[in-house]
Amino acid sequence: MKKYCLLIALFVGGFTASTNAQKSSNPAAKGFNADGSDAKAVALADAAMDAMGGRKNWDNTHYITWNFFDNRRLTWDKWTGDVRVENLKNDQTVLLNVNTDKGRVMKNGQEITQPDSVAKYVKQAKSAWINDSYWLLMPYKLKDSGVTLKYMGEDKTEDGAAAEKLQMTFEEVGDTPQNKYYVWISPDSKMVTQWAYFSKADNDKPNFTMPWKSYKPYGKVMLSGDRGQRQLTDIQVFDKLPKSVFESFEKPSL
């Protein structure tokens with residue numbers, strides 16, 4: 001259930017406008033497959049961005065923290081790439097930067113200093129961040145590098161609500177570019193209301209289908225942690241946080 005199709009530099013530093021989208025209020029990331037994507041699908045992706053607060057507010061969002069299904073708590077400096085990953089099932093905290101792949105590791109009350117072990121745990125924490133952030137922030141990633149969007153027509157979600165359906169496929173990005181997603185967007189709210197995940201793009205049946213419900217404002221953007229039977233919790237957005245959040249293993253009070 002992991003999602004690794006994510007270009008790290010883009011997600012951390014914001015999007016770079018493509019040549020064909022300089023005037024767009026939501027320019028695509030460099031490497032987005034604009035030629036292979038449907039114009040209607042791209043328009044829906046832009047509408048979703050606007051509905052969730054708009055590109056400017058998304059770019060200006062600085063710190064985000066959340067609890068990933070009671071497995072991990074993550075705190076992310078969206079501007080610098082610093083991330084704090086606290087494993088809630090054991091005594092392990094990783095402080096890393098997802099741009100440099102450098103970090104520090106505390107496990108069972110002791111800081112690990114052996115280089116190979118540090119590299120292993122930092123890599124695991126980065127993969128966790130990629131996966132966990134996609135579960136929270138996917139609607140902001142519809143025009144990422146390597147993404148192709150296709151319009152699949154009008155449809156209904158599992159709860160019977162009207163929607164317009166998109167297909168997301170990936171090329172040469174992340175750890176698992178063979179993934180595929182279907183994304184349902186409400187024609188009224190323009191919000192993402194459901195997604196389906198396929199571990200391989202040629203699979204006929206998804207690995208899972210889940211709702212995106214109960215959007216709430218956090219700072220100046222809208223986020224949803226409600227995935228039906230599973231919940232992302234403790235979601236917070238901050239304008240300022242102390243440096244110690246990303247430098248000290250001592251648990252911060254947020």
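These remarks concern the structure in this document.

Thresholds, definitions, all that
- Residues numbered from 1 in each chain as written.
- Predicted model: local features only at pLDDT ≥ 70, side-chain atom pairs only at ≥ 80, totals over all residues.
- Heavy atoms only, no water.
- Helix = DSSP H or I, 4+ residues; strand = E, 2+ residues; numbered from the N terminus.
- Buried < 20%, exposed > 50% of the residue type's maximum accessible area, 1.4 Å probe, protein only.
- Contact = heavy atoms within 4.5 Å.
- Areas by Shrake-Rupley, 256 points an atom, 1.4 Å probe, with all protein chains shown as cover.
- Salt bridge = Lys/Arg side-chain N within 4 Å of Asp/Glu carboxyl O.
- Pairing = 2+ DSSP bridges.
- Axes fitted to C-alpha atoms, helices over the stretch in contact; angles between N-to-C directions.
- Core = buried A, V, L, I, M, F, W, Y, C linked by side-chain atoms within 4.5 Å.
- Expected span 1.5 Å × (residues − 1).
- Polar contact = N/O pair within 3.5 Å; in protein donor to acceptor, adjacent residues only side chain to side chain.
- Phe/Tyr/Trp six-rings, centres within 6.5 Å; stacked < 30°, edge-to-face > 60°.

1. Comments concerning the overall build of the protein
Phase 1: Check the secondary structure of the protein and you find 5 helices and 14 strands.
Phase 2: Taking all 254 residues of the protein together, the buried fraction comes to 53%.
Phase 3: In the protein, 51% of the contacts between residues at least 6 apart in sequence involve partners at least 24 apart.
Phase 4: When the accessible surface of the protein is totalled, it reaches about 12,000 Å², and 46% of it is carbon and sulfur.

2. Some thoughts on the pattern of salt bridges
Side-chain pairs of opposite charge can arise where the charged atoms are in close proximity.
Phase 1: Enumeration according to the criterion identifies 11 salt bridges in this entry.
Phase 2: Its salt-bridge partner being Asp132, residue Arg72 comes within 2.7 Å of it at the nearest N-O pair. Residue Arg72 is located in strand E2 (residues 72-77), and its partner Asp132 is located in helix H4 (residues 115-137); the two are separated by 60 residues in the primary sequence. Exposure class is identical for Arg72 and Asp132. Each is buried.
Phase 3: When the shortest N-O distance is used, the salt bridge between Arg84 and Glu86 registers 3.5 Å.
Phase 4: The class for Glu86 is buried, based on a relative accessible area of 8%.

3. Quick look at the sheet that holds strand E11 (residues 208-211)
Phase 1: Across the sheet, which stays open at both edges, the 5 strands sit in the order E7-E8-E9-E10-E11 with antiparallel pairing between neighbours. Every other strand in the sheet has two partners, leaving strand E7 (147-156) and E11 as the edge strands with one partner each. Across the sheet, the mean angle from the axis of one strand to that of its neighbour is 20 degrees, orientation sign disregarded.
Phase 2: Where helix H2 (residues 39-51) meets the sheet, its contacts fall on E7, strand E8 (162-170) and strand E9 (180-185), and the angle it forms with E7 comes to roughly 85 degrees.

4. Examining the nonpolar core
Phase 1: One finds Trp66, Met138, Met168, Val183 and Trp195 to be the most contacted residues of the largest nonpolar core, which totals 57 residues.
Phase 2: Sequence-distant contacts of Val183, that is, excluding residues within four places in its chain, are made with Met138, Leu142, Glu164, Lys165, Leu166, Met168, Val192 and Gln194.

5. Notes on H4
Phase 1: If you check H4, its first and last C-alpha atoms are 32 Å apart, about what 23 residues at 1.5 Å a residue would give, namely 33 Å.
Phase 2: Among the residues of H4, the N-terminal cap falls to Gln114, whose side-chain oxygen and the backbone nitrogen of Asp116 are separated by 2.9 Å.

6. With respect to the environment of Val85
Phase 1: Note on placement: Val85 falls in strand E3 (residues 82-87).
Phase 2: By relative accessible area, Val85 is classed as buried at 2%.
Phase 3: A C-alpha to C-alpha distance of 8.2 Å links Val85 and Leu96, two positions 11 residues apart in sequence.
Phase 4: Residue contacts for Val85: discarding those within four places in its chain leaves Arg72, Arg73, Leu74, Gln92, Thr93, Val94, Leu96 and Ala125.

7. Structural notes on the environment of Tyr197
Phase 1: You can see Tyr197 is positioned in strand E10 (residues 192-198).
Phase 2: Residue classification places Tyr197 among the buried positions, given a relative accessible area of 6%.

8. Description of the packing of aromatic side chains
Phase 1: Counting across every chain of the model gives 18 aromatic pairs.
Phase 2: Seen from their ring centres, Phe69 and Trp135 are 5.2 Å apart, and the 85 degrees between their planes marks the pair as edge-to-face. Separated by 66 residues along the polypeptide, Phe69 in the loop between strand E1 (63-68) and E2 and Trp135 in helix H4 bring together distant segments of the chain. Of the two residues, Phe69 and Trp135, both sit in the buried class.
Phase 3: Here Phe170 and Tyr181 contribute two aromatic rings whose centre-to-centre distance is 6.3 Å and whose plane-to-plane angle is 85 degrees, an arrangement assigned as edge-to-face.

9. Details of the sheet that holds E2
What holds strands together in a sheet is hydrogen bonding between their backbones, with the strands either parallel or antiparallel.
Phase 1: Spatial ordering of the open sheet is given by E6-E5-E4-E3-E2-E1-E14, a layout of 7 strands whose pairing is antiparallel. The open sheet has two edge strands, strand E6 (110-112) and strand E14 (232-238), and neither has a second partner. Put simply, the sheet's adjacent strands are angled 15 degrees from each other on average, direction ignored.
Phase 2: As paired elements, E1 and E2 share 6 bridges and run antiparallel to each other. Among the inter-strand pairings, Phe68 is bridged to a residue of E2, identified as Arg72.
Phase 3: Sitting on the sheet, H4 is in contact with E1, E2, E3, strand E4 (92-97), strand E5 (102-107), E6 and E14, with an inclination near 95 degrees to E1.

10. Points about H2
Phase 1: Given a rise of 1.5 Å per residue, 13 residues ought to cover 18 Å, and the 18 Å separating the end C-alpha atoms of H2 matches this to within 8%.
Phase 2: For H2, the set of buried residues is Ala41, Val42, Leu44, Ala45, Asp46, Ala48 and Met49.
Phase 3: Elements in contact with the buried residues of H2: helix H3 (55-60), E7, E8 and E9.

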